[in-house]
Amino acid sequence: MGRVKERYNRRAAEQRFHPVYQPVAGDRCIYCGMPSHGKLDHQPPVYVLHRFADGGLITKKAIRERFGECKLVPCCTICNMGLGAFHGRDDNERRREIANWFLVDDRYPEDHFVMELGRQLLEKRLQGKRGGEIYEFPGVGRVIYLNALFGFIDGDFNCPEEFPTWLQIAQTELSEWLGAEPKRKSKYFLDMANLASYDLVVNRRAKLTPDRRPILTPLL
Ligand SMILES: [Zn+2]
């Protein structure tokens with residue numbers, strides 16, 4: 001008798017594969033360094049294991065042989081949305097996937113202005129000339145996320161404690177602003193990525209990530 005292809009039920013799959021994941025301790029997102037507020041990312045995504053099992057039985061050994069150790073890592077809501085069901089080779093490839101959503105979209109020339117305005121607002125905030133309202137502007141969030149993600153990718157720092165002071169301040173303030181209202185984080189991801197809805201794009205690759213890092217650091 002042939003196997004029946006299982007429909008993907010995220011909750012059921014998470015329960016099924018839960019025992020293979022080893023939790024990694026920490027309260028900061030391993031991709032960007034933002035506070036994770038207890039949120040976790042499955043490495044590899046549960047969906048990937050679901051596909052690998054292909055509706056049949058699968059052993060922990062077979063999973064380990066194919067994917068290495070499966071980990072449950074601290075991850076902020078925004079990076080989690082940026083990853084969707086993406087399974088990269090390593091954390092830097094996953095960071096590139098997340099950054100992909102926030103880079104300047106060359107199809108829209110005005111997007112360069114959005115990013116530059118974000119950088120300038122952040123600069124003014126760090127100089128004390130603007131208040132915390134600047135975080136409402138998604139261009140500000142994009143500048144913060146891109147600097148954190150590319151800083152890790154390029155090896156400028158390896159943990160949030162090594163961040164430049166401006167990035168530590170900006171992340172702390174952004175995190176406070178994001179946490180001030182329910183659902184604000186997921187809405188902000190959509191705004192930063194110029195998306196109307198998340199469901200439409202879960203498995204879509206956005207833009208191609210350039211090799212070079214965008215120059216977006218606030219000039220202080
Ligand atoms: Zn993150």
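### Some words on the overall build of the protein
A count of helical and extended segments in the protein gives nine helices and three strands. Walking the protein from its N terminus toward its C terminus, one meets helices and strands in the order α-β-β-α-α-β-α-α-α-α-α-α. Summarising the internal contacts of the protein: among those between residues at least 6 apart in sequence, 77% fall at separations of at least 24.

### Overview of the nonpolar core
Residues Cys32, Cys79 and Leu149 are the most contacted members of the largest nonpolar core, which totals 39 residues. Looking at this core, the elements with two or more residues in it are α4 (77-83), α5 (91-100), α6 (110-126), α7 (138-153), α8 (165-179) and α9 (184-192). Discounting residues that sit within four places of it in the chain, Cys32 has contacts with Cys76, Cys79, Tyr145, Ala148 and Leu149. Ranked by size, the runner-up nonpolar core spans six residues in total, among them Tyr21, Tyr47, Leu49 and Ile63.

### Details of the packing of α5 against α7
Two numbers describe how α5 lies on α7: the axes approach to 9 Å, and their chain directions differ by 155 degrees. Looking at the two axes, α5 sits roughly antiparallel to α7. In this structure, α5 meets α7 at a crossing whose hand is left-handed. Only Leu146, Leu149, Phe150, Phe152 and Ile153 of α7 make contact with α5, whose side of the interface consists of Asn92, Arg95, Arg96, Ile98 and Ala99.

### Section: the packing of α7 against α8
Closest axis-to-axis distance for the α7/α8 pair is 10 Å, and the angle between their directions is 130 degrees. Taken as axis vectors, α7 and α8 run oblique relative to one another. Considering only the axes of α7 and α8, their crossing is left-handed. Along its contact with α7, which presents Gly141, Ile144, Asn147 and Ala148, the element α8 presents Leu167, Ala170, Gln171 and Leu174. Of the residues in the contact of α7 with α8, the class split is five nonpolar, three polar and no charged.

### Considerations on the environment of Phe113
Position of Phe113 among the secondary structure elements: in helix α6. For Phe113, a count of 12 C-beta atoms within 10 Å translates into the label exposed. Taking the C-alpha atoms as reference points, Phe113 and Gly139, separated by 26 residues in sequence, lie 9.0 Å from one another.

### Structural notes on α8
Since the α-helix packs 3.6 residues into each turn, any two residues three or four apart lie on the same face. Taking 1.5 Å per residue as the helical rise, α8 with its 15 residues ought to reach 21 Å, and the 21 Å between its terminal C-alpha atoms agrees with that figure. Packing partners of the buried residues in α8 comprise α6, α7 and α9.

### A short note on the environment of Phe189
On the secondary structure map, Phe189 appears in helix α9. What makes Phe189 buried here is the crowd of 25 C-beta atoms within 10 Å. Separated by 88 residues in the primary sequence, Phe189 and Trp101 have C-alpha atoms spaced 8.9 Å apart. With near-sequence residues (within four places) excluded, Phe189 lies in contact with Ile78, Met81 and Gly82.

### Concerning the sheet that holds strand β3 (residues 70-74)
Read from one edge to the other, the open sheet built from three strands follows the order β1-β3-β2, with strand pairing classed as mixed. Because the sheet does not close on itself, it has two edges, and the strands there are β1 (21-23) and β2 (40-43). Across this sheet, the average inter-strand angle for adjacent strands is 30 degrees, counted without regard to direction. Where β1 and β3 come together, three bridges link them in parallel fashion.

### Some remarks on the environment of Gly82
Its place among the elements puts Gly82 in helix α4. Look at Gly82 and you get buried, because 26 C-beta atoms sit within 10 Å. Each C-alpha atom of the pair Gly82 and Glu97 lies 7.0 Å from the other, and the pair is 15 residues apart in sequence. Those residues in contact with Gly82, other than ones at most four positions away along the chain, are Glu97, Ile98, Trp101 and Phe189.

Rules of the game
Residues numbered from 1 in each chain as written. Predicted model: local features only at pLDDT ≥ 70, side-chain atom pairs only at ≥ 80, totals over all residues. Helix = DSSP H or I, 4+ residues; strand = E, 2+ residues; numbered from the N terminus. Contact = placed C-beta atoms within 7 Å. Core = buried A, V, L, I, M, F, W, Y, C linked by C-beta atoms within 7 Å. Buried ≥ 20, exposed ≤ 12 C-beta atoms within 10 Å, placed from the backbone. Axes fitted to C-alpha atoms, helices over the stretch in contact; angles between N-to-C directions. Parallel < 35°, antiparallel > 145°, perpendicular 65-115°, else oblique. Left-handed = near helix turned anticlockwise from the far one by under 90°. Nonpolar A, V, L, I, M, F, W, Y, C, P; charged D, E, K, R; others polar. Expected span 1.5 Å × (residues − 1). Pairing = 2+ DSSP bridges.

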